[in-house]
Amino acid sequence: MYNVFIADQTILRILFETKIRQYGDLVENIVITAYVVYSMWKISYDLSGSTEHIQQIMEIDAEIEKLGEKIDYSKSATLSLFVLISHFVVCFIRVFVVCISMGNRKASLHYSKLFQITFSDSLSFTVTNYFCTYLYALRDRYKRINQVLKGLGTRSDKDLFVRNKNLINVYRMEDRNVCKKINACGKVYSMLFKASETANDKFGFALLLTMFVWLILTILYLYYFMEATAAGLFHDVQRYINFLLYVSWQIIFAVAIISSAIYFCENIVKEAKLTSYLVHTIISDTWDMSVKEEALRLSIQIVHQTPKFTARGLFIVEYELLLEGARSVLTFLVILLQFVTQKN
């Protein structure tokens, strides 16, 4: 990074001389440097060096196994292997895209610049993957609760007319077991809500910084694309294709990072809301008052403990954020275009 700053190393300005000259690279370098320094500390010490959030998952699993749901950790191992392989693939594609974009200008390619952009992409990918993998684990535990609630049998009104005392006793025993399971589901749901709040504390600022950095880069590179197209770079077809390849990767990667985090957050909230639907199904389908009361208590608990993921409390991470991000990009693009087109 020191070499990149001192020698004013750049890739994009080799492909196209932008009107904002070195200032675009300066903004990009400062933002990436700050993000890399923070991410190196975050991944190494605050995430890998802390076991609080993982311990919560283990405690939740212990309670879920009491409900008769067996946790298969081999699936997590397969997921971890997939994440590792995908990490290498992303880094390889990034280097490949840069080399292809440079074309016959490889003599001007600075390896320190190549390392900087690859390393920053790698750290961003790691932070996002860590966050999404943790959310994936939480969503799987929400699914376990929903499976237990789906498996709770209910009786129809015709069973009210049963006169067999032995059968009535069996039904009462079943009702007590159902109440115990609903109560246990409420306990696990409460633990999952606490784990969701831990996710906000652990990943909130990292998520905020990641989205902020990639939003800035998206604005910059969309501006580069619009400026190069308006300047007629497409008349040099090969150079324009190389330029588009480099810019497109930056924008696509940025959108993928932000969209992935939003997608996993929304999936957990969706699964948690399904729990509420299943609880109200139990309330409407059963006639035993003890079961109704226990299900009603769980319903009230769900109202107060629906998970909500935020970027350090500044905004909720949901699909609406994509729309707000698009508006911000368009607004700053207009401002940037007006700034560079002033005569003075």
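Residues numbered from 1 in each chain as written. Predicted model: local features only at pLDDT ≥ 70, side-chain atom pairs only at ≥ 80, totals over all residues. Heavy atoms only, no water.

J.: Explain the nonpolar core here, please?
T.: A general trend in soluble globular proteins is that nonpolar side chains are found buried together. Judged by nonpolar contacts, the single largest core of 93 residues is most densely connected at L149, Y221 and F243. Aside from chain neighbours lying at most four places away, what touches F243 is L12, L15, F16, Y224, F225, A228 and L233. (Core = buried A, V, L, I, M, F, W, Y, C linked by side-chain atoms within 4.5 Å. Buried < 20%, exposed > 50% of the residue type's maximum accessible area, 1.4 Å probe, protein only. Contact = heavy atoms within 4.5 Å.)

J.: What is the right way to look at the environment of D8 in this model?
T.: Positionally, D8 belongs in the loop between α1 (2-6) and α2 (12-15). Taking the relative accessible area as the measure of exposure, D8 reaches 38% and is therefore partly exposed. Look past the residues within four positions of D8 in its chain and what remains in contact with it is N3, R13 and Q22. (Helix = DSSP H or I, 4+ residues; strand = E, 2+ residues; numbered from the N terminus.)

J.: Looking at this structure, how should I read the side chain of E271?
T.: You can see E271 is positioned in helix α8 (residues 237-285). Buried and unpaired, E271 has no salt bridge, with K143 as the nearest side chain of opposite charge at 5.0 Å. Contacts of E271, omitting those with residues within four sequence positions, involve R139, Y142, K143 and N146. (Lys, Arg positive; Asp, Glu negative; His and termini not counted. Salt bridge = Lys/Arg side-chain N within 4 Å of Asp/Glu carboxyl O.)

J.: Quick question: what am I supposed to make of the packing of helix α5 (residues 74-102) against α8 here?
T.: Axes are the key here: two packed helices are described by the angle between their axes and the distance separating the axes. Their axes nearest at 8 Å, the elements α5 and α8 cross at an angle of 155 degrees. As summarised for this structure, α5 and α8 are arranged roughly antiparallel, according to the angle between their axes. As α5 packs across α8, the resulting crossing turns out to be left-handed. Of α8, the residues touching α5 (which contributes V90, I93, R94, V97, V98, I100 and S101) are N242, L245, Y246, W249, Q250 and F253. Within the contact of α5 with α8, the residues separate by chemical class into nine nonpolar, three polar and one charged. (Axes fitted to C-alpha atoms, helices over the stretch in contact; angles between N-to-C directions. Parallel < 35°, antiparallel > 145°, perpendicular 65-115°, else oblique. Left-handed = near helix turned anticlockwise from the far one by under 90°. Nonpolar A, V, L, I, M, F, W, Y, C, P; charged D, E, K, R; others polar.)

J.: Explanation requested: α5 in the structure shown.
T.: In an α-helix there are 3.6 residues to a turn, and that puts residues three or four apart on one side. Taking 1.5 Å of rise per residue, 29 residues should cover 42 Å, and α5 covers 43 Å from first to last C-alpha, within 8% of that figure. By the burial criterion, the buried members of α5 are S86, H87, V90, R94, V97, V98, S101 and M102. Buried residues along α5 sit against α2, α6 (111-150) and α8. Following α5 by one or two positions, G103 adopts a phi angle in the positive range, close to 60 degrees. (Expected span 1.5 Å × (residues − 1).)

J.: Help me understand the packing of aromatic side chains, please; the structure alone is not making it clear to me.
T.: We describe a pair of aromatic rings using the distance from one ring centre to the other and the angle between the two ring planes. The final tally for this structure, using the stated rule, is 15 aromatic pairs. Ring geometry for Y38 against F205: centres 5.2 Å apart, planes inclined by 80 degrees, an arrangement best described as edge-to-face. Note that Y38 is positioned in helix α3 (residues 22-47) and F205 in helix α7 (residues 165-230), a separation of 167 residues in sequence. The class for F205 is partly exposed, based on a relative accessible area of 37%. Plain terms: the ring middles of Y221 and Y224 are 5.3 Å apart, the flat faces sit at 85 degrees to each other, and that makes the pair edge-to-face. Of this pair, Y221 and Y224 are both found in helix α7, three residues apart, which corresponds to roughly one turn of the helix. For the pair formed by Y221 and Y224, the shared burial category is buried. (Phe/Tyr/Trp six-rings, centres within 6.5 Å; stacked < 30°, edge-to-face > 60°.)

J.: Hey, could you run me through the side chain of E294 in this one?
T.: With respect to the helices and strands, E294 occurs in helix α9 (residues 289-304). Polar side-chain contacts of E294 include one of 3.3 Å to the side chain of N183. Residues in contact with E294, not counting those within four places in the same chain, are C179, I182 and N183. (Polar contact = N/O pair within 3.5 Å; in protein donor to acceptor, adjacent residues only side chain to side chain.)

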